[in-house]
Number of protein chains: 2
Amino acid sequence: MKFSQLTIVALVLIGCESYIEKPGPRYVATKGEPWPKPQTQIKNDAYFVLRPQFFEFQVKNNAKCTLLHDAVLRYQSIISGLYESVDENLKFVSHQHHKKEWLSDNNFIGHLESAVVNLSGSCDDNDYPSQDMKENYSINITPDNAEIQSSTIWGILRGLETFSQLIYIADDYVSLRINTTSISDYPRFAHRGLLLDTSRHFIPVKKMLENLDAMAYNKLNVFHWHIVDDQSFPYVSRKYPELSEQGAYKPSQVYTPAVMQQIVEYARVRGIRVIPEFDTPGHTRSWGVAHPEVLTACGGNLAGEYGPMDPSKVETYNLLAGLLGEVSETFPDQYIHLGGDEVDFDCWESNANISKFMKKENITDYKGLESYFVQRVINIVDALKAKSIVWEEVFENGVKLPTETIVQVWKGPWEQTMSEVTLSGKTAILSSCWYLDHLDSYGDWQKFYNCEPYNFTGVDSQKKLVLGGEACMWAEVVNEFNVISRVWPRASAAAEKLWSAENVTDIKEATLRLEEHVCRMNRRGVGAQPPSGPGFCP
Amino acid sequence: MKFSQLTIVALVLIGCESYIEKPGPRYVATKGEPWPKPQTQIKNDAYFVLRPQFFEFQVKNNAKCTLLHDAVLRYQSIISGLYESVDENLKFVSHQHHKKEWLSDNNFIGHLESAVVNLSGSCDDNDYPSQDMKENYSINITPDNAEIQSSTIWGILRGLETFSQLIYIADDYVSLRINTTSISDYPRFAHRGLLLDTSRHFIPVKKMLENLDAMAYNKLNVFHWHIVDDQSFPYVSRKYPELSEQGAYKPSQVYTPAVMQQIVEYARVRGIRVIPEFDTPGHTRSWGVAHPEVLTACGGNLAGEYGPMDPSKVETYNLLAGLLGEVSETFPDQYIHLGGDEVDFDCWESNANISKFMKKENITDYKGLESYFVQRVINIVDALKAKSIVWEEVFENGVKLPTETIVQVWKGPWEQTMSEVTLSGKTAILSSCWYLDHLDSYGDWQKFYNCEPYNFTGVDSQKKLVLGGEACMWAEVVNEFNVISRVWPRASAAAEKLWSAENVTDIKEATLRLEEHVCRMNRRGVGAQPPSGPGFCP
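None of these values were measured; they are calculated from a predicted model.

Scoring rules and cut-offs
- Residues numbered from 1 in each chain as written.
- Chains lettered and ligands numbered in written order.
- Predicted model: local features only at pLDDT ≥ 70, side-chain atom pairs only at ≥ 80, totals over all residues.
- Heavy atoms only, no water.
- Helix = DSSP H or I, 4+ residues; strand = E, 2+ residues; numbered from the N terminus.
- Rg over C-alpha atoms; globule rule 2.2 N^0.38 Å.
- Buried < 20%, exposed > 50% of the residue type's maximum accessible area, 1.4 Å probe, protein only.
- Contact = heavy atoms within 4.5 Å.
- Areas by Shrake-Rupley, 256 points an atom, 1.4 Å probe, with all protein chains shown as cover.
- Lys, Arg positive; Asp, Glu negative; His and termini not counted.
- Charge placed at Lys NZ, Arg CZ, Asp CG, Glu CD.
- Least-squares fit on C-alpha atoms with pLDDT ≥ 70 in both.
- Phe/Tyr/Trp six-rings, centres within 6.5 Å; stacked < 30°, edge-to-face > 60°.
- Lys NZ or Arg CZ within 6 Å of the ring centre and 35° of its normal.
- Disulfide = S-S within 2.5 Å.
- Pairing = 2+ DSSP bridges.
- Axes fitted to C-alpha atoms, helices over the stretch in contact; angles between N-to-C directions.
- Salt bridge = Lys/Arg side-chain N within 4 Å of Asp/Glu carboxyl O.
- Polar contact = N/O pair within 3.5 Å; in protein donor to acceptor, adjacent residues only side chain to side chain.
- Nonpolar A, V, L, I, M, F, W, Y, C, P; charged D, E, K, R; others polar.
- Parallel < 35°, antiparallel > 145°, perpendicular 65-115°, else oblique.
- Core = buried A, V, L, I, M, F, W, Y, C linked by side-chain atoms within 4.5 Å.
- 1 Å grid on protein atoms, 1.4 Å probe; cavity = no way out; pocket = protein on both sides within 12 Å on 5 of 7 lines; lining within 4 Å.
- Points joined across faces, edges and corners; volume = space filled by probe spheres on them.

A. Structural view of the overall build of chain A. Along the backbone of chain A there are 19 helices and 18 strands. Taking 538 residues into account, the globule formula puts the C-alpha radius of gyration at 24 Å, and chain A, at 25 Å, falls close to it. Along the first, second and third principal axes, the C-alpha set of chain A runs to 90 × 60 × 50 Å. Burial status across chain A gives 64% buried among its 538 residues. Nonlocal contacts in chain A, meaning residues at least 24 apart in sequence, comprise 74% of its contacts between residues at least 6 apart. Here chain A has roughly 19,500 Å² of accessible surface; of this, 50% comes from carbon and sulfur atoms. Positive and negative side-chain charges of chain A, numbering 51 and 69 respectively, have mean locations separated by a distance of 3 Å.

As structure tokens, then:
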């Protein structure tokens, strides 16, 4: 009852004129189809039966590479988990009635007892993923051999993920199968991110790790950690412990250095970068609990309130230099996100010292003042040999940005902004399409899926400056109880747009593949919500 | 960042013209304020400190009543849990710095070591909640005495819930407090329900029980179990086991008689009725996997498909009589919900036997045919001495309904329908306002809260026929991972509208109280989502 809207979606997807409800799931999941879709994949009907207890990965090179060794163990366990997930009842009934009926199936070509993992390049256990990392890999499963090949550990990680997704539970419910398949794969975009805000609501570590697992299952490679904001400051600084002592929601809702290290490491071994955001000069109210001197004391009818950081004070830059220096050590990624969005000028305008300062510095308007501030913060980051990402306002306000600064486009309509940013020669990442806090009643992953980052006016050289994009989970309305189901599988839509080829746009095909992918995530412990209507996980 | 819509909501709620972000939660939760709001409550500043380890309920009468005894144990445990939920860090710091500073507070009037539970009426351990049950109770906490009083066990249950909600964690983080308070309370409506659909997605028992807990915390008293539908038939029938054997999604996704008994009992001891829905003649596709003979075999361009139940066949009524007979034993409630919504006439129209049958029975249109069918099902239920609830279509199609049949209004606009149903002398429950599958990006509990069931044209005698309402969680887009956070606290808005006085409409006041209530539910193990923006649970 009561799914007229959903029915309409169904009709559009199915492409037929009348729809009669059927027993069973609305969309029948694919079997062994990867998400995101590989660049090229040839799959044959011939299949192996894979018995987890008699299957192993054979590491061809770099057998002592810890990253590789751990990844192989992880995927061995994921594959075993797939078999364990099969309902014991079904296994029993199936063993009784259909015992090994595949033995007489012409497509059955034997048991797969191993797959070679061939990392042809070098491995350094301290390797950290970066914007330039190569993630391409190939998989060849022939009647004679199964191999996952890449020149980099990051490619191997992606290949293992895809390999694990090729394995499926057969209709007999007792055997796992994998078809002979040939895949050559690489990401369309280098920057495929998910932003998670941990200031509006604190997200416990356990859920952060579950989310990183899901990112790996979707081949996302950047965890953009919007760690602090107006409401709370959960980042524990060794240098300025008072920031979280006074600015966190409560003493237990903080991320200690040890916890952050754990998160960074958990992400790293999955080929995921962690880029922390310390948004300034706006969105800094929680900094001011311990350090009110760095915020603008508003005057006029705002007297008593605090506004954005005070750009006229040396204390502001001293605190930022000290903190960002520490941040660049805590987070090994080359990039730090500096924010720069939604700066409210009213409070600056109401402060007499700031007016005086502007006169002295020959700054004529508040956009100019913001530029002055951001410029100094970027210089701090530059001095740390770090690179920066900023929200689009910083670009729009005309701040002179270092070549490698990335502009993150989040407002709508975004086409014009993407065009302008890339025309100016800056690199861009897109988020406008993928705001996960914007909800629709039914299956809104389709809306996220229909976004094409190249859909703006610009020449080829401009398109090349699009590094990718990020889905954003602002946490005003999510806490530990709904964050995972709110993000997944909606962020999966963005993940496929950012990995797969531009012509992968078939919603109907994707619908069936996403059914499988959600069940895959569920089985692996990720509490994703249903994607497209009634169903169950077989 | 990025919460312009939320900010607008905030502005509306706060009622001021400009808003500057503050550190900490957007809305500061109340302390010890019940949800739903009692009919009358006088609360004084004088307070007791309550130490769970030295607190007990003293049962004045009916000490051997199991329902009462179990309830007292349950609330003893909930109260202890409140203290245990306080962060150990905070307790430690607080003990160090603020040790018992309340001792010098004039409002401190001592330690509360007991509360009398006074069930003045009789108790029968087999009591089952009903539409006519009395739920009124009073609470008096004076400097001399604390007492929860009711003439019924159901009133005592509601009183214990309210009493437990009056207790709050003081600002010192180490003491629990309860203010001297006088409450006289009763529900505005007798029927305060939540519908949960377990056919579109199977919901495991654990989540069903978590949901019943939450219902008790919100004083909802009817669990409308939409147990089967087109997609799956998880109800295990002793008489017709093939229905779930073939119609469930899979063998493990069923509700066995033992499990249903467990759910009914879990609900009963919390004063919650369980009303099962067996929706016919539409929404029955899953019945037809094992019993295709009871469905209409479509003809014409629908050939090969099955439509609604076939009203022309005796087999249909035989199966229904057999099954509903069993259902009325499995579920002790007086009512069975018979559905009757969204019947598709195209398939009936395409079936020659049905045309013949209609001619024979002198039925001139398909509304008439539906009426014929529903009439016979209602007669079956009547013969079982059960009463029925039907969706509004049944009323609209002019079926002659027994006096006690309730009409559930679910379509919009609902005002006209409520007016018509009550004008005809039928009782009504309203759901149109509270469709939990309809999502908005931000805090849409307010939308649910703004619904007033009496907002239709009608005289007093019509208003009296409004028995209450139900929030509805259709499960197309919820599974075990998001069902609880999707329902709670959005259903809490409906719960307050259905319990509290008509003039309880102050969104601003409710916002602060709901902040507390969500944290209360979270602490008690209900994974409710944040209600209204940034925050945390103290």
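B. Just the relation of the copies chain B and chain A, in detail. Take chain B, turn it by 180°, move it 0.0 Å along the axis, and it overlays chain A with an RMSD of 0.0 Å. Look at the turn and shift together and you get a two-fold axis relating the two. Mapped onto chain A, 100% of the interface residues of chain B are again interface residues, and the two copies thus contact each other with one and the same surface.

C. Examining helix 18 (residues 490–499) of chain A more closely. The element helix 18 of chain A is extensively covered by neighbouring structure, given that 10 of its 10 residues are classed as buried. Arg 490, Ala 491, Ser 492, Ala 493, Ala 494, Ala 495, Glu 496, Lys 497, Leu 498 and Trp 499 of chain A are the residues of helix 18 of chain A that are buried.

D. Up close: the environment of Glu 329 of chain A. Residue and element names in this part refer to chain A. Relative to the assigned elements, Glu 329 resides in helix 9 (residues 314–330). Taking relative accessible area as the criterion, Glu 329 reaches 68% and is therefore assigned exposed. Each C-alpha atom, one on Glu 329 and one on Pro 204, is 22 Å from the other, the two residues being 125 residues apart in sequence.

E. Spotlight on the packing of aromatic side chains. Scanning the entire structure with this criterion turns up 51 aromatic pairs over all chains. Between Trp 35 of chain A and Trp 445 of chain A, the aromatic rings sit 6.5 Å apart at their centres with planes inclined by 85°, giving edge-to-face as the arrangement. Taken together, the positions of Trp 35 of chain A in the loop between helix 1 (4–14) and strand 1 (40–50) and Trp 445 of chain A in helix 15 (residues 445–449) put the pair 410 residues apart, joining distant regions of the chain. Note on Trp 445 of chain A: relative accessible area 1%, which makes it buried. Taken together through their ring pairs, the aromatic side chains of Phe 202, Phe 223, Trp 225, Tyr 255 and Phe 331 of chain A make up a single cluster. The ring centre of Tyr 266 of chain B lies 3.6 Å from the NZ or CZ of Arg 270 of chain B, which sits over that ring. Its guanidinium or amino end placed over the ring of Tyr 449 of chain B, Lys 497 of chain B lies 4.4 Å from that ring's centre, counting from NZ or CZ.

F. A look at the state of the cysteines. Counted under the stated rule, the structure contains eight disulfides over all chains. A sulfur-sulfur separation of 1.9 Å characterises the disulfide bridge that pairs Cys 65 of chain B with Cys 123 of chain B. For the disulfide bridge between Cys 65 of chain B and Cys 123 of chain B, the dihedral angle about the S-S bond is near 75°, and by the sign convention the bridge is right-handed. With Cys 65 of chain B in the loop between strand 2 (56–59) and helix 2 (66–84) and Cys 123 of chain B in the loop between strand 4 (114–119) and strand 5 (137–141), the pair connects residues that are 58 residues apart, well separated along the chain. Neither Cys 65 of chain B nor Cys 123 of chain B differs from the other in exposure class; each is buried. Take Cys 472 of chain A: it sits in no disulfide, and the sulfur closest to it among the cysteines is that of Cys 433 of chain A, at 11 Å. Note on Cys 472 of chain A: relative accessible area 0%, which makes it buried.

G. Region of the structure containing the sheet that holds strand 10 (residues 222–226) of chain A. Residue and element names in this part refer to chain A. As summarised here, the arrangement of the eight strands in space is 9-10-11-14-15-16-17-18, forming a closed barrel in which the pairing is parallel. This sheet shows a mean twist of 30° between the axes of neighbouring strands, independent of strand direction. Bridging between strand 17 (residues 427–430) and strand 18 (residues 466–473) involves three bridges; their strand directions are parallel. Its bridge partner lying in strand 18, Ala 428 is registered against Val 466. Here helix 14 (residues 415–423) sits on the sheet and contacts strand 16 (406–409), strand 17 and strand 18; the angle it forms with strand 17, its principal contact strand, is near 160°.

H. View of the interface of chain B and chain A. Counting residues at the interface gives 65 residues for chain B and 65 residues for chain A. Inspection of the region where chain B meets chain A yields two salt bridges. One salt bridge connects Glu 305 of chain B with Lys 22 of chain A, and the closest N-O pair in it is separated by 3.3 Å. Inspection of the chain B/chain A interface yields 20 residue pairs in polar contact (both at pLDDT 80 or more). At the level of secondary structure, the elements contributing two or more residues to the side of chain B that touches chain A comprise helix 3 (88–98) and helix 17 (483–487) of chain B. The class makeup of the residues in the side of chain B that touches chain A is 28 nonpolar, 20 polar and 17 charged.

I. Quick look at the packing of helix 11 (residues 352–361) of chain B against helix 12 (residues 366–383) of chain B. Residues and elements named next belong to chain B. Two numbers describe how helix 11 lies on helix 12: the axes approach to 11 Å, and their chain directions differ by 80°. In this view, helix 11 runs roughly perpendicular relative to helix 12, as classed from their interaxial angle. Taking contact as the criterion, the partners of Ile 354, Ser 355, Phe 357, Met 358 and Glu 361 in helix 11 are, on helix 12, Tyr 366, Leu 369 and Tyr 372. Among the residues making up the contact of helix 11 with helix 12, the classes are represented as six nonpolar, one polar and one charged.

J. The arrangement of the pairing of strand 16 (residues 406–409) of chain B in detail. Residues and elements named next belong to chain B. Of the two faces of strand 16, the one carrying Ile 406 and Gln 408 and the one carrying Val 407 and Val 409 are both buried. As defined by bridge partners, strand 16 adjoins strand 17 (residues 427–430) across four bridges and the pair is classed as parallel. Opposite Ile 406, over in strand 17, you have Thr 427 as the bridge partner.

K. Representation of the nonpolar core within the structure. In terms of nonpolar packing, the biggest core is built from 142 residues, with Phe 57, Phe 163 and Trp 488 of chain A touching the most fellow members. With nine residues, helix 12 (residues 366–383) of chain A is the single largest residue contributor to this core. Those residues in contact with Phe 163 of chain A that lie beyond four places of it in its chain are Phe 55, Phe 57, Ile 79, Leu 112, Ala 115, Ile 139, Ile 141, Ile 148 and Ile 178 of chain A. Among the nonpolar cores identified, the runner-up in size contains 134 residues, and Ile 167, Phe 223, Val 294 and Val 526 of chain B belong to it.

L. Layout of the layout of surface pockets. In this model, the largest pocket occupies a volume close to 880 Å³. Along the wall of the largest pocket there are 44 residues; nearest its centre are Lys 31, Ile 169, Tyr 173, Phe 536 and Pro 538 of chain A. Mapped onto the lining of the largest pocket, the elements with two or more residues apiece are helix 2 (66–84), helix 4 (153–166), strand 7 (168–169), helix 5 (205–217) and helix 19 (507–523) of chain A together with helix 6 (242–247) of chain B. Counting residues per element, the lining of the largest pocket draws most heavily on helix 2 of chain A, at seven residues. Its residues assigned to classes, the lining of the largest pocket comprises 24 nonpolar, eight polar and 12 charged.

M. Molecular detail of the pattern of salt bridges. For the structure shown, the criterion picks out 53 salt bridges over all chains. With a closest N to O distance of 2.9 Å, Asp 444 of chain B and Arg 490 of chain B form a salt bridge. Separated by 46 residues along the polypeptide, Asp 444 of chain B in the loop between strand 17 and helix 15 (445–449) and Arg 490 of chain B in helix 18 (residues 490–499) bring together distant segments of the chain. For Asp 444 of chain B, a relative accessible area of 5% puts it in the buried group. Classification of Arg 490 of chain B as buried rests on a relative accessible area of 2%. Residue Arg 513 of chain B is joined to Glu 509 of chain B by a salt bridge in which the shortest nitrogen-to-oxygen separation is 2.9 Å. Pair noted here: Arg 513 of chain B and Glu 509 of chain B are both in helix 19 (residues 507–523), with a separation of four residues, about one helical turn. Classification of Glu 509 of chain B as partly exposed rests on a relative accessible area of 25%. Put simply, Lys 37, Glu 496, Glu 509 and Arg 513 of chain A are held in one network by salt bridges that share partners.

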